[in-house]
Amino acid sequence: MADDTEEPLTLSTDALAALHEFYAERDAQTEKLEKLKTRATEAHNDDREQDDEDGRNGTEGKRGEEPVTELSIHTFTEDWNESQFWYSDETANLLANQLLDGTKDDSVVAVVSTPSVFVALKKILSAADYKGPKPKTYLLEHDHRFSVFPEFVFYDFVHPFKLPTHLKGTVDRMIVDPPFLSNDCQTKMAMTLRWLARPSTIGATTTTTTTTLRVLICTGERMETLVNRLYKPLGVRTTTYEPAHSGLKNEFLCYANFECDAWSWKGEGSG
């Protein structure tokens, strides 16, 4: 029988204040995500309407531009249970620009489990002064918070081929940052990238100016041997570039099937 003399559990003033602050931050985060979803959807619809109008008129008009002043990866707090650690803005922008380099309007870019690069890509493409190509872009991601973007495609590496069939063999540019440093995760995500890659571009010459398929993998240094083996059919090798994160200090490397101004292949031209 319960002791009726027990006092009800109460929180201290400091604990109550911390709890109220937590709920306020959570509600503010939810509101930001809802506003972002509305803006992203409106911009996506504007682009489709503009494309339809251009097709009827045989002209190329100016695509809809979403307000991007508040678009930031930091709108989404890192979820360590999802092994999420955002890149620094400098790293995200550099990788996004390397994905865009050499694309055309009919190119396809897949950003796999690398949302900070996806956000950087959206900001670049939506900038008022951007005059370059606007390739079709997809974000393959496990975190449903990113479904606020129309480009979101749910992806779970446990099922490497459980994706829309229209993506198979269509991708010209791709980047992946596997969430876990395990052989299973790395292997299954490599299977996904090889499934996505446009067949006609696999094995293409991989020099700075003639690369067709561009593949980027960013992951821990201790996965180097496995990564080079898994992605050898795509021409991927270790580069001299080391991606930087906003907080994570683990040793990370960038692996790619091309060289550029930002990096060379490890052991070649690096002294």
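Refer to the structure printed above.
What counts and how
Residues numbered from 1 in each chain as written. Predicted model: local features only at pLDDT ≥ 70, side-chain atom pairs only at ≥ 80, totals over all residues. Heavy atoms only, no water. Helix = DSSP H or I, 4+ residues; strand = E, 2+ residues; numbered from the N terminus. Buried < 20%, exposed > 50% of the residue type's maximum accessible area, 1.4 Å probe, protein only. Contact = heavy atoms within 4.5 Å. Core = buried A, V, L, I, M, F, W, Y, C linked by side-chain atoms within 4.5 Å.

### What to know about the overall build of the protein
Link 1 in the chain: Looking only at helices and strands, the protein has five helices and seven strands in total.
Link 2 in the chain: Ordered by position from N to C terminus, the α and β elements of the protein give α-α-β-α-β-β-β-α-β-α-β-β.
Link 3 in the chain: Going through the 271 residues of the protein one by one, you find that 44% of them count as buried.
Link 4 in the chain: A separation threshold of at least 6 residues defines the contact pool for the protein, and within that pool the share at least 24 residues apart is 71%.

### Quick word on the nonpolar core
Link 1 in the chain: Judged by nonpolar contacts, the single largest core of 33 residues is most densely connected at Leu95, Val111, Val117, Phe146, Phe149, Leu216 and Trp263.
Link 2 in the chain: Listing elements by their share of this core, those giving two or more residues are helix H2 (89-100), strand E1 (108-112), helix H3 (115-126), strand E5 (214-220) and strand E7 (252-256).
Link 3 in the chain: Top contributing element to this core by residue count: H3, with seven residues.
Link 4 in the chain: Leaving out residues up to four positions away in the same chain, Val111 has contacts with Leu99, Val117, Phe118, Leu121, Tyr138, Leu139, Leu140 and Ile175.
Link 5 in the chain: With 32 residues, the next largest nonpolar core counts Val108, Val112, Leu167 and Tyr231 among its residues.

### A word on the environment of His144
Link 1 in the chain: Structurally, the position occupied by His144 is in the loop between strand E2 (136-141) and strand E3 (152-154).
Link 2 in the chain: Between the C-alpha atoms of His144 and Phe154, which are 10 residues apart in sequence, the distance is 7.3 Å.
Link 3 in the chain: Ignoring any residue separated from it by four or fewer positions in sequence, one finds His144 in contact with Phe152 and Phe154.

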